[in-house]
Amino acid sequence: MGGIYWLISQVMLFWHTVWDKVVPDHRTLGTNWQWVLAIVFLVISVRVVLFPIFVKQIKSQRAMQAIQPKMKELQEKHKGDRETLQKEVMKLYQEEKVNPLMGCLPMFLQIPVFIGLLHVLRHLKPGTSNHQMELYGWSIPEFMGAVDARLFDAPIVAKFSSSASDLAKIEANSTTVKIVAAILVALMITTTYLTQRQMIMKTGWNSDPQQRMIQKFMLYGIPFFTLTSGWYFPIGVIIYWVTNNAITLGQQYWVLHKYPPPASATANTTPYKGSGKPGTTSLTKGGAPAAKPAGAFRAMLGKAKEDAAAQAAAAAAAKQTNGRALAPKPGAKPINPKKGGAAKRQSG
């Protein structure tokens, strides 16, 4: 992992050098923007490198949606035979050249970066020997500058759970650190949830139980992880996470609108409900019944009008028949109702 720590440090130091020439080197609004922007552009650098993989992720998700009808057929055919179903599903993946794990690959590739930044920021602390300061390519002035760097007067190396003695070493106020860290953790949880919700709202819940389980984990599991662990992350790491989520939201919005999922794929998924849970009723975001396609609605409306017109014509004909005798056919001999009635009485 030493190579990852060195690489993360060098990217941070590069962007710090760049922004040190652009923004003033003193604090503005209690913030050393050179170091904050160095973390932000560390995220941007990583996302640029991973963009081709992100495109492959979207293609993999589209491929998974395209084979949903075949997946449904297999589930119905091998219902109750889990072992055979799994073999047939794996065979289908091989035939269609689909990798279900590709959807999570960009996130997995960012884990080493996240761990590297977490280690580097934990390494930045006062009282470190000169030799330790110069690890991973840092100079002593750069190391000390990063230790003292702040976001709204809260050191980027501090965390919500930092003890009073640790904060005293870096001359930080405990209340300020907790307020800034709590706001950032709330942003981290919210943006993490929104990135997953955005995707599910557009594509719907997957009909494959395994893929749906992955969707549920991504929607609820990861935000819960950030809630429970965010209090122990340095503020600089939370800045990285929030920035990464914000970029993901924008990137997904662009891709999902420019390359929407095929209609045949979304027709075989369960629409997203307002509660975020899969269900049998097609619901929109707010929980109201989803609108039917315009073409089907017009067809139903036209048929209803035709049925109503037919019923009205039948009712009018029945009323006319009951009100008077039917007219004789053209050329037929007129019938005298009285004679007809007398003949019937005589025969009776």
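Residues numbered from 1 in each chain as written. Predicted model: local features only at pLDDT ≥ 70, side-chain atom pairs only at ≥ 80, totals over all residues. Heavy atoms only, no water.

1. Some points on the overall build of the protein
- Scanning the protein from terminus to terminus reveals 14 helices and two strands.
- For the protein, buried positions account for 37% of its 348 residues.
- Contacts spanning at least 24 positions in sequence make up 69% of the contacts within the protein whose residues lie at least 6 apart.
- On the protein, roughly 20,600 Å² of surface is accessible, and the fraction owed to carbon and sulfur atoms is 64%. (Helix = DSSP H or I, 4+ residues; strand = E, 2+ residues; numbered from the N terminus. Buried < 20%, exposed > 50% of the residue type's maximum accessible area, 1.4 Å probe, protein only. Contact = heavy atoms within 4.5 Å. Areas by Shrake-Rupley, 256 points an atom, 1.4 Å probe, with all protein chains shown as cover.)

2. Examining the nonpolar core
- In this structure, Leu 117, Trp 138, Ile 239 and Tyr 240 are the most contacted members of the largest nonpolar core, which totals 50 residues.
- Put simply, the parts of the chain that give this core at least two residues each are helix H1 (2-20), helix H2 (33-66), helix H5 (105-123), helix H7 (140-148), helix H9 (174-203), helix H10 (209-229) and helix H11 (235-258).
- Per-element accounting of this core gives the leading share, eight residues, to H2.
- Apart from the residues lying within four places of it in its own chain, the contact partners of Leu 117 are Ile 8, Met 12, Ile 39, Leu 42, Gly 236, Val 237 and Tyr 240.
- In this structure, Met 64, Met 71, Leu 74 and Val 98 belong to the second largest nonpolar core, which totals eight residues. (Core = buried A, V, L, I, M, F, W, Y, C linked by side-chain atoms within 4.5 Å.)

3. With respect to the pattern of salt bridges
- As enumerated under the stated definition, the model contains three salt bridges in all.
- A salt bridge links Asp 148 to Arg 27, with the nearest nitrogen and oxygen atoms 2.9 Å apart. Note that Asp 148 is positioned in helix H7 and Arg 27 in the loop between H1 and H2, a separation of 121 residues in sequence.
- The closest approach of N and O atoms between Glu 83 and Lys 87, which form a salt bridge, is 3.7 Å. Note that Glu 83 and Lys 87 are positioned in helix H4 (residues 82-96) at a spacing of four residues, about one turn of the helix.
- Three or more residues are tied together by salt bridges with common partners; here these are Arg 27, Asp 148 and Arg 150. (Salt bridge = Lys/Arg side-chain N within 4 Å of Asp/Glu carboxyl O.)

4. With respect to the environment of His 123
- With respect to the helices, strands and loops of the structure, His 123 is situated in helix H5.
- Judged by relative accessible area, His 123 falls into the buried class, the value being 12%.
- Considering only alpha carbons, one finds His 123 and Leu 135, 12 residues apart in sequence, at a separation of 9.6 Å.
- In this view, His 123 contacts Thr 128, Gln 132, Leu 135, Tyr 136 and Phe 143; residues no more than four positions away in its chain are not counted.

5. Some thoughts on H2
- The end-to-end C-alpha separation of H2 is 46 Å, in line with the 50 Å expected for 34 residues at 1.5 Å each.
- At Phe 51, H2 shows its largest bend, some 50°, and a proline, Pro 52, comes one to four positions later. (Expected span 1.5 Å × (residues − 1). Bend = angle between axes of the 7 residues up to and from the residue.)

6. Here's the deal with helix H3 (residues 68-77)
- For H3, the set of buried residues is Gln 68, Met 71, Leu 74 and Gln 75. The buried residues of H3 occupy an angular sector of 115° when projected down its axis, which confines them to one face. Opposite the packed face of H3, turned more than 90 degrees from it, sit the exposed residues Glu 73, Glu 76 and Lys 77. (Arc of directions from axis to C-beta.)

7. Notes on the packing of aromatic side chains
- Taken as a whole and assessed by the stated rule, the structure comprises 12 aromatic pairs.
- Centre to centre, the rings of Phe 114 and Trp 241 are 5.2 Å apart; their planes meet at 90°, and the pair counts as edge-to-face. With Phe 114 in helix H5 and Trp 241 in helix H11, this pair connects stretches of sequence that are 127 residues apart. One exposure class covers both Phe 114 and Trp 241, and it is buried.
- Where Phe 233 meets Trp 241, the ring centres are 6.2 Å apart and the plane angle is 25°; that geometry is what we call stacked. This pair shows no difference in class: Phe 233 is buried, exactly as Trp 241 is.
- Following the ring pairs from residue to residue traces out a cluster consisting of Phe 14, Trp 15, Trp 19 and Phe 41.
- The ring of Phe 160 has Lys 178 sitting right over it, with the charged end atom 5.4 Å from the ring centre. (Phe/Tyr/Trp six-rings, centres within 6.5 Å; stacked < 30°, edge-to-face > 60°. Lys NZ or Arg CZ within 6 Å of the ring centre and 35° of its normal.)

8. Describing unusual backbone geometry
- Despite not being glycine, Tyr 136 shows a phi value in the positive range, around 60°.
- Inspection of the secondary structure puts Tyr 136 in the loop between helix H6 (130-133) and H7.
- Backbone geometry places Asp 153, a non-glycine residue, at a positive phi of 70°.
- With respect to the secondary-structure elements, Asp 153 resides in the loop between strand E1 (150-151) and strand E2 (154-155).
- Take Asp 153: its relative accessible area is 42%, and that puts it in the partly exposed class.

9. Focus: the confidence of the model for the protein
- Averaged over the protein, the pLDDT score is 76; the fraction of residues at 70 or greater is 70%.
- Here residues 274-297 scores under 50 on pLDDT; set against residues more than four positions off or in separate chains, the count is 33 contacts.
- With pLDDT under 50 throughout, residues 337-348 is counted as low confidence; its partners more than four residues away or in other chains account for zero contacts. (pLDDT = per-residue confidence, 0-100.)

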